[in-house]
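# Summary of structural features
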Amino acid sequence: MSTQEPFSIEQFYKFLQQHKLMAGKCLKCGKIHLPPRPLCDNCLSQEFEWVSISGKGKLLTYTIINVAPELFQALTPYAVGIVQLEDGLKIPGMIQGVTQEQLKIGMELTLDFGSCSTTKQWHQWPRYCFKCEA
Amino acid sequence: MNGKPLVSIVSAGMSRFGKLDGFLAREIFAGAAKEAFSRCPKLDPKSDIKAVFIGHMGEAYEHQGHMGAAIADWAGLKGVPVTRTESACASSGAALRAGIYAAMSGLADVVLVGGVEKMTHRTTAEVTEYLAMASDYPFEQWNGITFPGLFAMMATAHMHKYGTTEEQMAMVAVKNHYYGSLNPKAHMQKEVTLQAAMASRYVAWPLKIYDCSLITDGASCIILTKPELASKYTDAPVHIVGSGQASDTIGLYERQSLTSLNATKLAAKAAYEMANVKPQNIELAEVHDCFTFAELMAYENLGFCPAGEGGKLVESGETRLEGRIPVNISGGLKAKGHPVGATGTAQAYEIYLQLTDQAGKRQVKDAKVGLTHNVGGSGATAAVHIYRRDR
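This one's a predicted model, so the numbers in the text were calculated from it and none came from an experiment.

## Considerations on the domain arrangement of chain A
Residue and element names in this part refer to chain A. Domains assigned within chain A are domain 1 (9-52) and domain 2 (56-131). Taking only C-alpha atoms into account, the centre of domain 1 sits 21 Å from that of domain 2. Residue-level contacts link 8 residues of domain 1 with 9 residues of domain 2. Across the side of domain 1 that touches domain 2, the residue classes break down as 6 nonpolar, 2 polar and no charged.

## Brief notes about helix α6 (residues 147-162) of chain B
Residues and elements named next belong to chain B. The terminal C-alpha atoms of α6 lie 22 Å apart, and with 16 residues this matches the ideal 22 Å at 1.5 Å per residue to within 8%. Counting buried residues in α6 gives 13 out of 16 residues, a clear majority hidden from the surface. One or two steps after α6, the chain reaches G163, where phi turns positive at roughly 80°.

## Comments concerning unusual backbone geometry
Residue and element names in this part refer to chain A. Residue P35 is reached from L34 by a cis peptide bond, and omega for that bond is -5°. Within the secondary structure layout, P35 lies in the loop between β2 (32-33) and β3 (48-52). Going from T76 to P77, the amide bond is cis rather than trans, its omega being -10°. Position of P77 among the secondary structure elements: in the loop between β4 (56-65) and β5 (78-84).

## Brief notes about the interface of chain B and chain A
Contacts between the two partners involve 27 residues from chain B and, on the opposite side, 26 residues from chain A. Contributions of two or more residues to the side of chain B that touches chain A are made by α5 (124-132), α6 and β5 (202-205) of chain B. Element by element, the count of residues in the side of chain B that touches chain A is highest for α6 of chain B, at 7 residues. Taken together, the residues of the side of chain B that touches chain A break down into 16 nonpolar, 8 polar and 3 charged. Across 2 bridges, the pairing between β4 of chain A and β5 of chain B is antiparallel. Considered in β5 of chain B, the bridge of I65 of chain A is made with A204 of chain B.

## Considerations on the sheet that holds strand β1 (residues 22-26) of chain A
Residues and elements named next belong to chain A. Here 3 strands make up an open sheet; going across it, the order is β2-β1-β3 and the pairing antiparallel. Both edges of this open sheet fall to β2 and β3, since each of them pairs with a single strand only. Two elements, β1 and β2, share 2 bridges in a ladder whose sense is antiparallel. Looking at the pairing, G24 lines up with H33 of β2.

## Here we look at the confidence of the model for chain A
The predicted coordinates ought not to be read in detail in places where the model reports low pLDDT. Overall, the prediction assigns chain A a mean pLDDT of 91, with 90% of residues at 70 or greater. Predicted confidence in chain A is weakest over helix α1 (residues 9-17) of chain A, with a mean pLDDT of 94, and strongest over β4 of chain A, with 98.

Definitions and cut-offs
Residues numbered from 1 in each chain as written. Chains lettered and ligands numbered in written order. Predicted model: local features only at pLDDT ≥ 70, side-chain atom pairs only at ≥ 80, totals over all residues. Domains from an automatic or database assignment. Contact = placed C-beta atoms within 7 Å. Nonpolar A, V, L, I, M, F, W, Y, C, P; charged D, E, K, R; others polar. Helix = DSSP H or I, 4+ residues; strand = E, 2+ residues; numbered from the N terminus. Expected span 1.5 Å × (residues − 1). Buried ≥ 20, exposed ≤ 12 C-beta atoms within 10 Å, placed from the backbone. Pairing = 2+ DSSP bridges. pLDDT = per-residue confidence, 0-100.

Next comes the structure, spelled out in structure tokens:
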């Protein structure tokens, strides 16, 4: 893996477009940053390497959104949650393909790259979501 | 309870909170400023006020940036240095902190600190989007997570960990709406029953309409002086004896805890230590109930009860006017309303009224020590202040 890519959120999403979930690991203190950062908030180092993270995790918390900004109104009601991945890393996202009754704290979810699509917004970032592997 | 005064409040003003059709933020603020000026006849605003700090969150509402200058001008204070502070819903809590810096630095003996927001002319979808701008853009907003959604996720985690219930959250709404009914400036001056609160529809499960604070127009301000100058302006100053402000990750997902706000804990610790008081010395508090659940979490993070017992505390009635620690007797953000930039100094306004016996039907008798707690975003900013009236 090249270490030339900047440790930026833009680069995180470029990797995601390639169906890779990547985080930045500080070469000095070892802290892993998801999303990556250009400056380690623990030891203030600027030296990092990319590490590949498994998209499998556990649901820490969730909600069902009924009142949404205009961009998301067509999707309501939709579930969003915070998922804990390996090494204690956490990432929020929509949870698709499950009913509210099926949602349980601690359930296993997998990051799905397949739903990625670019939008008309400011950033041409892909979208990801979490799904339950049944 | 012997903390040295940092600054003294010699006056305060607040507009009516509500749907103030036909008025811009600057016009609403002018009314709040006029009330503060009228309340303090010994003050000559134009010559005495040496600095102005204005909390204001969103340019999007009125397509108006640079709000500080517009506010100072419309308040009759053109020429005075003014700075707008933006820390989401804690914008005027941060303005208050900045005003304390200014007064204590010696650069400004008398400081006007306030806040304003004009929101109700926008649709709910627009307001939802503008408020969400105070959350993390690349992961939270990007995934359609709203502000109610962020607090809902904290509530879900809290329910799971501690057994907190939707009914306990609704009890906060019932309490705060009752006190809102006693506040002639509150947005919603009517009571709500537990049944009605529980039956309202979900905004972001488990939070319902009645768990959410209101979209409100309003302005508030207080006038601070160096403590040794306070007696020049009033016989009944309220001293600020503790000030804490803290920050945290902008994204909820990067935090250690999903069931408490570390910024609140840090700000409270700093304020308590500075004031040399303990949570049990606080006689009334205005806390940031942007959602009913946030009030329960505030009880815990401010030390009014142990972690996980916020629901039990509201259930016990101890946070009502006649209880051990009356909370949000103004009606809170829930019923008084939440014009986001105005909220921090509106909390200070309420404590000022209470400690100077001007709170009318909702007066907490003989109160001497009060606390305000103002949160920005999902908890990336918190400001806690402690107030004392020497009777």
